[in-house]
Amino acid sequence: MSAIHVKEIETEQELKEVLELCYNILGTDNSELYGYDAWHKRFIEGSQPLVYASKEGKIVSAVLGRAENEESLVVGFVACHENYRRQGITKELLNYFEDLARNKGFKYITLGSKEDAFYEQCGYHVIFQVHDQNIFQKIL
């Protein structure tokens, strides 16, 4: 069994491939916050964690963050290819994402999801609900 490689996005090609995975799983988003141009701008700035996991050269999972302010990071996308779910890959990737966020000076991470169990296992707590989604937060 080959190893999972976890890393930050370093090239525009990696960004395109990661976003392709995310949009295929989560649906295309051309919004001001989550469209390609917004992620590309964050990639160029380099101040927000944009990470992915690969296996045998194939991108299998991604966690992309956007700064809400200098202390708060919002997880914009969490996506994992269906063939690689329930193997601990995204949990490992989220830990890596959190370490990078901490090193970049962020104090907490917020995200919205309808899937409770995974984020609770990762140490996130529901802080409120909106539009049938739980809003989770984790203090770094």
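Now for a description of the structure that goes with this document. (Residues numbered from 1 in each chain as written. Predicted model: local features only at pLDDT ≥ 70, side-chain atom pairs only at ≥ 80, totals over all residues. Heavy atoms only, no water.)

1. Observations concerning the side chain of Glu 98
Relative to the assigned elements, Glu 98 resides in helix α3 (residues 89-103). Engagement of the side chain of Glu 98 in a polar contact is seen with the side chain of Tyr 124, the distance being 2.8 Å. Non-local contacts of Glu 98, meaning those with residues more than four positions away in its chain, are made with Ile 109, Cys 122, Tyr 124, Lys 138 and Leu 140. (Helix = DSSP H or I, 4+ residues; strand = E, 2+ residues; numbered from the N terminus. Polar contact = N/O pair within 3.5 Å; in protein donor to acceptor, adjacent residues only side chain to side chain. Contact = heavy atoms within 4.5 Å.)

2. Focus: the pairing of strand β5 (residues 108-113)
Residues in a regular strand project their side chains so that they alternate between the two faces of the sheet. Relative to β5, strand β4 (residues 72-80) runs parallel, the two sharing 3 bridges. Residue pairing for β5: Leu 73 is matched across the bridge by Ile 109. Assessed by its sense of winding, the connection that carries the chain from β4 through α3 to β5 is right-handed. As paired elements, β5 and strand β7 (residues 133-139) share 6 bridges and run antiparallel to each other. Bridge pairing links Thr 110 to Gln 137 in β7. (Pairing = 2+ DSSP bridges. Right-handed = clockwise from strand over helix to strand, strands pointing away.)

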